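The primary structure of each chain is shown beneath.
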Amino acid sequence: MSGIDVGEELGARAAQARALALLRIRSRALAVVITPAAVAVVLFAAGAQGHLGGPVWDGVRWAVLGVAVVVLLVAAAVAVAVARARPAVSPTVPVAEEGAPDLYRLVRDLADRLGVPAPSAIALTPDCDSWLEDRTHRSSRTYPSSGEAAPEAKNSAASEARNPAPVLVIGSPFLWWMRVAELRAVLAPVVAGTDSSAHPDIAAARRFVRGLDAAVADGAAPGRGALRGAPVTFAGWVARLLLRACREHAAEMERCVAATASMRAQGVDYALRIAAQEQVGLAYAGWDRLLTRVALPAWRMGRWPSRLDAGVVSALTELSRRDRLADGFTSRLGERPACDLLEEPGIADEATSLLAARLFHGGPAESGPDWAPVDWQQYPDEVVDRKWRTEAARLHRVLDAMGVPPASAADPAVPTLARVMEHLAGPGEPGEELAAGIGAAVARDDAQAPAPGPAQQAPPGTGPDPLDLWGPDPLPLFPLQPPRTGTELLADHVAAMVCCAAVDTAGAAPGLDWLDGPALLVDGERRADLAVPVLSLVEDGDPDPLRSWLAEVGVRSDKPVRLV
């Protein structure tokens, strides 16, 4: 037996020992519940046999019986609350087997090489991570039978009926950026975890902990009245006590499970996995920049990019070109991408892109006039130009509300950049007042925007809404950025006004930078040096750096600017 086999065996035994410790906690809780009833049975049995007689013992017997009944009723209520609580399920896009037969075949072949049960289904998530997720709870069983593992991948039909294999959740950026061999190497430790999931003790311990966690979440949920919420709150308090007792054992069990899966996977593409881990870190960096710099401005304008996963390839290719540490990564692009394992990668990309918009921004569940998909080719006109002109129009509305006069050398009937510059360069602290006005205007516009509502009834065959299991929690679930300050908003609006003036008077054009989002193109080249002169004007009231920049680009600040 090799050292890896010995370590795997030790890790599996340690995980099972921790699982048994968790089940013992459950058994002790049950023992505490039935102790008063057991004592009552003993007392009544003794009385029936002529022992412990007299009025005192009769009173003790009936008192203990009353306590036992109350304890059993309370325990039953807590058990029902735990059983009815819905465990947390990650929002994902399900992938049916008919839509990705090659991907299912890859995962099953990988499971066969590892000697573990194959996952029951595959789903995509707009995140740079992959994991196994137990969806055996009745509220989570949304996958069709076509997504179940093939019969040859089942070790025991009876065992899998009791403990179905978990769902394999794959980060969608991985499919577009990684090659097929890299994806297989990265998924090997994840798929290896199905072996522990099939163990009855570990599966029971996980269900116990997840049920307690769901009961705690239900007990903390707002919106219930005092009478209706008291039992659920009490059940959540009991579940929290049990979770505290389970915390160490549960954490150690999962650590041992992960270590065991990692050791088992060392026999499959281990050398390639080391290189593929570099791609995981690179994909995370590119995905984060794409969401925060490129997608977020579009979401704020009521547009959601429908090809985010394809965009991450362009973003990472651009990062590879700029960063010397990433040299050579683009040479991989000649190999077969993992997204080829999907029959319709464009449909999957669109679904995960919409889910990302809902998770990170809070957009509606369906497209509409104020929430429409946008292709990357349309991004400069549909997002960048509209963003600049919308912010420039808001800036002038605030100036009008403040009674700021037009620029001295400009037509008073048209909006100009000179008006903004003269006001910010004036005496006192005009920037602070204007920043406060901009912040209030942005807050009003956000408040007037339609709130994201629940999805309408899905057409037959399209599957349930990925966010149904999250209940009434407000969107977005995972905001990308904290609220911007008034000064930051003012700087963005002044920069937008400058960009509008450059487009209207100097022949510039809106563009898209894959790593930095909206960009100003002058003679086909991106100008990334606008932020410093704008900040000098906004924060210090010094217009000279911006005047020099305008003169260099050829922008006329006294000419009218077209607004929305």
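Residues numbered from 1 in each chain as written. Predicted model: local features only at pLDDT ≥ 70, side-chain atom pairs only at ≥ 80, totals over all residues. Heavy atoms only, no water.

A. Region of the structure containing the overall build of the chain. Scanning the chain from N- to C-terminus turns up 18 helices and 9 strands. Out of the 564 residues belonging to the chain, those deemed buried represent 44%. When contacts within the chain are restricted to residue pairs at least 6 apart in sequence, those whose partners lie at least 24 apart make up 80%. Within the structure as shown, the chain displays about 27300 Å² of accessible surface, and the carbon and sulfur contribution to it stands at 57%. (Helix = DSSP H or I, 4+ residues; strand = E, 2+ residues; numbered from the N terminus. Buried < 20%, exposed > 50% of the residue type's maximum accessible area, 1.4 Å probe, protein only. Contact = heavy atoms within 4.5 Å. Areas by Shrake-Rupley, 256 points an atom, 1.4 Å probe, with all protein chains shown as cover.)

B. Structural view of the packing of helix 6 (residues 180–192) against helix 10 (residues 270–300). The interhelical angle for the contact between helix 6 and helix 10, taken along N-to-C directions, is 100°, at an axis separation of 9 Å. It follows that helix 6 is roughly perpendicular to helix 10 by the angle criterion. Of the residues in helix 10, those in contact with A181, E182, A185, V186, A188 and P189 of helix 6 are L272, R273, A276, Q277, Q279 and V280. (Axes fitted to C-alpha atoms, helices over the stretch in contact; angles between N-to-C directions. Parallel < 35°, antiparallel > 145°, perpendicular 65-115°, else oblique.)

C. Just the sheet that holds strand 2 (residues 121–125), in detail. If you walk across this open sheet you meet the 4 strands as 1-2-4-3, and the pairing is mixed. Strand pairing shows two members of the sheet lacking a second neighbour, strand 1 (93–95) and strand 3 (130–133), which therefore form its edges. Averaged over all pairs of adjacent strands, the angle between their axes in this sheet comes to 30°, without regard to strand direction. Pairing analysis gives 4 bridges linking strand 3 to strand 4 (residues 167–171), with the strands arranged antiparallel. Paired with L132 across the bridge in strand 4 is L168. Each of strand 3 and strand 4 touches helix 6; the most contacted strand, strand 4, lies at about 140° to it. (Pairing = 2+ DSSP bridges.)

D. Focus on the environment of W299. With respect to the secondary-structure elements, W299 resides in helix 10. For W299, a relative accessible area of 2% corresponds to the buried category. Residues W299 and P373, spaced 74 residues apart in sequence, show a C-alpha to C-alpha distance of 9.7 Å.

E. Examining the pairing of strand 7 (residues 509–513) more closely. Taken together, the 5 bridges between strand 7 and strand 8 (residues 517–522) define a ladder with antiparallel strand orientation. Across the sheet, the residue bridging to A509 is L521, located in strand 8.

F. Expanded view of the sheet that holds strand 8. The strand order 7-8-9 describes an open sheet built from 3 strands, whose pairing is antiparallel. On the outer flanks of this sheet lie strand 7 and strand 9 (525–526), each paired with one strand and no other. The pairing of strand 8 with strand 9 spans 2 bridges and is classified as antiparallel. Opposite V522, over in strand 9, you have E525 as the bridge partner.

G. Spotlight on the pattern of salt bridges. The full count for this structure, using the stated rule, is 29 salt bridges. A salt bridge links D195 to R264; its shortest N-O distance comes to 3.1 Å. With D195 in helix 7 (residues 194–197) and R264 in helix 9 (residues 226–265), the pair connects residues that are 69 residues apart, well separated along the chain. Among the ionic pairs, R307 bridges to E350, the shortest N-O distance being 3.9 Å. (Salt bridge = Lys/Arg side-chain N within 4 Å of Asp/Glu carboxyl O.)

H. Representation of helix 15 (residues 430–448). Along its 19 residues, helix 15 runs 27 Å from first to last C-alpha, staying within 8% of the 27 Å computed at 1.5 Å per residue. Every buried residue of helix 15 is listed here: P430, G431, L434, A435, G437, I438, A441 and V442. Buried residues in helix 15, looked at end-on, bunch into an arc of 165°, giving them a common side. Every exposed residue of helix 15 that faces more than 90 degrees away from the buried side is listed here: E432 and A447. Residues of helix 15 that are buried make contact with helix 13 (379–402), helix 14 (417–424), helix 16 (486–506) and helix 17 (531–540). (Expected span 1.5 Å × (residues − 1). Arc of directions from axis to C-beta.)

I. Here's a closer look at the pairing of strand 4. Where burial is concerned, most of strand 4 is hidden: 5 out of the 5 residues are buried. Here strand 4 shows no split at all, with V167, V169 and G171 on one side and L168 and I170 on the other all buried. Taken together, the 5 bridges between strand 2 and strand 4 define a ladder with parallel strand orientation. Bridge pairing links L124 to I170 in strand 4.

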